[in-house]
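Descriptive analysis of the structure
If you want the building blocks of each chain, they are given just below.
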Amino acid sequence: MSQVHHRILTAALSGLEEEQAVYFADIAEKLGEDPRTERMPNLVYLVLADTVRFMPAYLAKKEFINRLFRFVDDNHRRLARIIYDPAFLTDKMLLASVTGDFVAEVVEATLVQYAQGGIDTGERVAHRMTFDESGGALDFPYVDDEDEDD
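About the cut-offs
- Residues numbered from 1 in each chain as written.
- Predicted model: local features only at pLDDT ≥ 70, side-chain atom pairs only at ≥ 80, totals over all residues.
- Heavy atoms only, no water.
- Core = buried A, V, L, I, M, F, W, Y, C linked by side-chain atoms within 4.5 Å.
- Buried < 20%, exposed > 50% of the residue type's maximum accessible area, 1.4 Å probe, protein only.
- Helix = DSSP H or I, 4+ residues; strand = E, 2+ residues; numbered from the N terminus.
- Salt bridge = Lys/Arg side-chain N within 4 Å of Asp/Glu carboxyl O.
- Axes fitted to C-alpha atoms, helices over the stretch in contact; angles between N-to-C directions.
- Parallel < 35°, antiparallel > 145°, perpendicular 65-115°, else oblique.
- Left-handed = near helix turned anticlockwise from the far one by under 90°.
- Contact = heavy atoms within 4.5 Å.
- pLDDT = per-residue confidence, 0-100.

We now examine the nonpolar core. In terms of nonpolar packing, the biggest core is built from 36 residues, with Phe24, Ile27, Leu31, Leu48, Phe64, Leu68 and Phe102 touching the most fellow members. Those elements giving two or more residues to this core turn out to be helix H1 (3–13), helix H2 (18–33), helix H3 (41–51), helix H4 (61–83) and helix H5 (96–115). Broken down by element, the residue count for this core peaks at eight residues, all from H4.

As a further point, take the pattern of salt bridges. Scanning the model with the defined rule gives seven salt bridges in all. Glu63 is the partner of Arg67 in a salt bridge, and the nearest nitrogen-oxygen pair spans 3.0 Å. Of this pair, Arg67 and Glu63 are both found in helix H4, four residues apart, which corresponds to roughly one turn of the helix. Using a relative accessible area of 18% as the deciding quantity, one classes Arg67 as buried. As a salt-bridge pair, Glu105 and Arg67 come within 3.0 Å of each other at their nearest N and O atoms. On the criterion of sequence distance, the pair formed by Glu105 in helix H5 and Arg67 in helix H4 is long-range, its members being 38 residues apart. What makes Glu105 partly exposed here is its relative accessible area of 25%.

Before going further, it helps to examine the packing of H4 against H5. Packing of H4 against H5 leaves a shortest axis separation of 9 Å and a crossing angle of 160 degrees. Between H4 and H5, the angle is such that the two are roughly antiparallel. Handedness of the H4/H5 crossing: right-handed. On the side of H4, the interface is formed by Glu63, Phe64, Arg67, Leu68, Phe71, Asn75, Arg78, Leu79 and Ile82, while H5 contributes Ser97, Val98, Thr99, Asp101, Phe102, Glu105, Val106, Ala109 and Gln113.

Bringing the confidence of the model for the protein into the picture now. Looking at the protein, pLDDT values average 84 and 77% of them are 70 or higher. The element-level mean pLDDT for the protein is lowest in helix H6 (residues 145–149), coming to 60, with H4 highest at 95.

Here is the structure:
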């Protein structure tokens, strides 16, 4: 990763929570090692930097990277039209009209995987027991016939 790309990503990652920053820093490192990055490094890092603050950090890193490359390949003309527009120098939000599609794609993929049980969010699971009025468990874990005989 070049110094320019490193500075762009460092600025983008600085405002994230630690877990999210570590996830995307690792993705950035893997992008630097991936030969596909060499085709359009400016666009790849620009899209990543523009979207990290909106992205969930639950997809497998390999899947996220593949989606990023596919998105850049499919949208490089739209992205280039914006970054070469003189208005982009003063309004960085212009890029969101394209990168918002990438955010939507990743969020949708994350929700699908979550619904299928493929994502562990680290949430604590709470198990609840119901007790009867006398303070005992209702037939928990089984009915003890010997207690009823007494």
